[in-house]
Amino acid sequence: GLKSGTYVNQWGDLGSTCSSSDAVSVFDLTTGVWSSGPRMPTASAGLAATLAPNGRVYLGGGADYYIGFSTSLWPQRAFYEFDPSTGTYRTLASLPDARGHFSLVADPNGFIYAIGGRTGVGIYSSWSWSASNMFGSVPRYSIAEDRWVP
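Procedures and definitions
- Residues numbered from 1 in each chain as written.
- Predicted model: local features only at pLDDT ≥ 70, side-chain atom pairs only at ≥ 80, totals over all residues.
- Heavy atoms only, no water.
- Core = buried A, V, L, I, M, F, W, Y, C linked by side-chain atoms within 4.5 Å.
- Buried < 20%, exposed > 50% of the residue type's maximum accessible area, 1.4 Å probe, protein only.
- Contact = heavy atoms within 4.5 Å.
- Pairing = 2+ DSSP bridges.
- Helix = DSSP H or I, 4+ residues; strand = E, 2+ residues; numbered from the N terminus.
- Phe/Tyr/Trp six-rings, centres within 6.5 Å; stacked < 30°, edge-to-face > 60°.
- Axes fitted to C-alpha atoms, helices over the stretch in contact; angles between N-to-C directions.
- Patch = residues over 30% accessible without salt bridge, like charges linked within 9 Å, V, L, I, M, F, W, Y side chains within 5 Å.
- Areas by Shrake-Rupley, 256 points an atom, 1.4 Å probe, with all protein chains shown as cover.
- Salt bridge = Lys/Arg side-chain N within 4 Å of Asp/Glu carboxyl O.
- pLDDT = per-residue confidence, 0-100.

## So, the nonpolar core
Next up, step 1: Grouped together as the largest cluster of nonpolar side chains are twelve residues: Ala48, Ala52, Tyr58, Phe79, Leu92, Leu95, Phe102, Leu104, Ile112, Ala114, Tyr141 and Trp148.
Next up, step 2: In contact with Leu92, other than residues within four places in its own chain, are Tyr58, Phe79, Tyr80, Glu81, Tyr141 and Asp146.
Next up, step 3: Judged by nonpolar contacts, the second largest core, of nine residues, contains Val26, Met40, Leu59 and Phe82.

The following block contains the structure:
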């Protein structure tokens, strides 16, 4: 498994085929070496991740991208818990809305907040930074209840 405090992870991104990737890159802070980590359950780019006080990583959202003749994308609602000690993922309650390019923040009381981001489906122009595609809401996830709460 991965030891907390000694690694930095990069979750997903665009792969060499110009489409979303399920790859995880791990940087060892003690050796300065990159290696491959446990692959994510789904490919995604523009997703968010946060380390919670329980030592687990919570990640999700983003979009399934394809960059070819035209760029297309499909925002995702998938949400996972990653246990660094076992290198395994667990599927959790989906995000209330599909969003990418946002932040996840864990608080000390067992909640995770999804902050900002954007949405849009189809060609790249609809995944724009226009106000109509931006999120003003901040959904809150309860780790203890595995649900998004008001």
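## Quick look at the pairing of strand S9 (residues 88–91)
Next up, step 1: Pairing of strand S8 (residues 79–83) with S9, which is carried by four bridges, proceeds in the antiparallel orientation. From the neighbouring strand, Glu81 faces S9, where its bridge partner is Arg90.

## A look at the packing of aromatic side chains
Next up, step 1: For the structure on display, the rule yields six aromatic pairs.
Next up, step 2: For the ring pair Phe79 and Tyr141, a centre distance of 4.9 Å and an interplane angle of 70° mean the geometry is edge-to-face. A residue pair is termed long-range when its members are at least 10 positions apart, and Phe79 in strand S8 and Tyr141 in strand S13 (residues 140–142) qualify at 62 residues. Neither Phe79 nor Tyr141 differs from the other in exposure class; each is buried.

## What to know about the sheet that holds strand S10 (residues 103–106)
Next up, step 1: Spatially, S10-S11-S13-S14 is the arrangement adopted by the four strands of the open sheet, whose pairing is antiparallel. Every other strand in the sheet has two partners, leaving S10 and strand S14 (147–149) as the edge strands with one partner each. In this sheet, neighbouring strand axes are inclined to one another by 30° on average, regardless of whether the strands run parallel or antiparallel.
Next up, step 2: For S13 and S14, the ladder comprises three bridges, and the chain directions are antiparallel.

## Overview of a nonpolar patch on the surface
Next up, step 1: A surface patch of nonpolar side chains, amounting to about 220 Å² of accessible area, comprises Val105, Ile115 and Val138.
Next up, step 2: Within the fold, Val105 resides in strand S10.
Next up, step 3: A residue is classified by how much of its surface remains accessible, and Val105, at 37% relative accessible area, is partly exposed.

## Things to note about the sheet that holds strand S5 (residues 57–60)
Two orientations exist for strands paired in a sheet by backbone hydrogen bonds: parallel and antiparallel.
Next up, step 1: One open sheet holds the four strands; their spatial order is S4-S5-S8-S9, and the pairing between them is antiparallel. Each edge of the sheet is formed by a strand with only one pairing partner; in this case those strands are strand S4 (48–51) and S9. The sheet shows a mean angle of 25° between the axes of neighbouring strands, direction not considered.
Next up, step 2: Two elements, S5 and S8, share four bridges in a ladder whose sense is antiparallel.

## As for the confidence of the model for the protein
Next up, step 1: Chain-level pLDDT for the protein is 79 on average; 71% of the residues reach the 70-or-more range.
Next up, step 2: Highest mean pLDDT in the protein belongs to S13 (98); lowest belongs to strand S12 (residues 122–123) (47).
Next up, step 3: This stretch, residues 122–127, has a pLDDT under 50; its non-local contacts, to residues over four places away or in other chains, come to 22 contacts.

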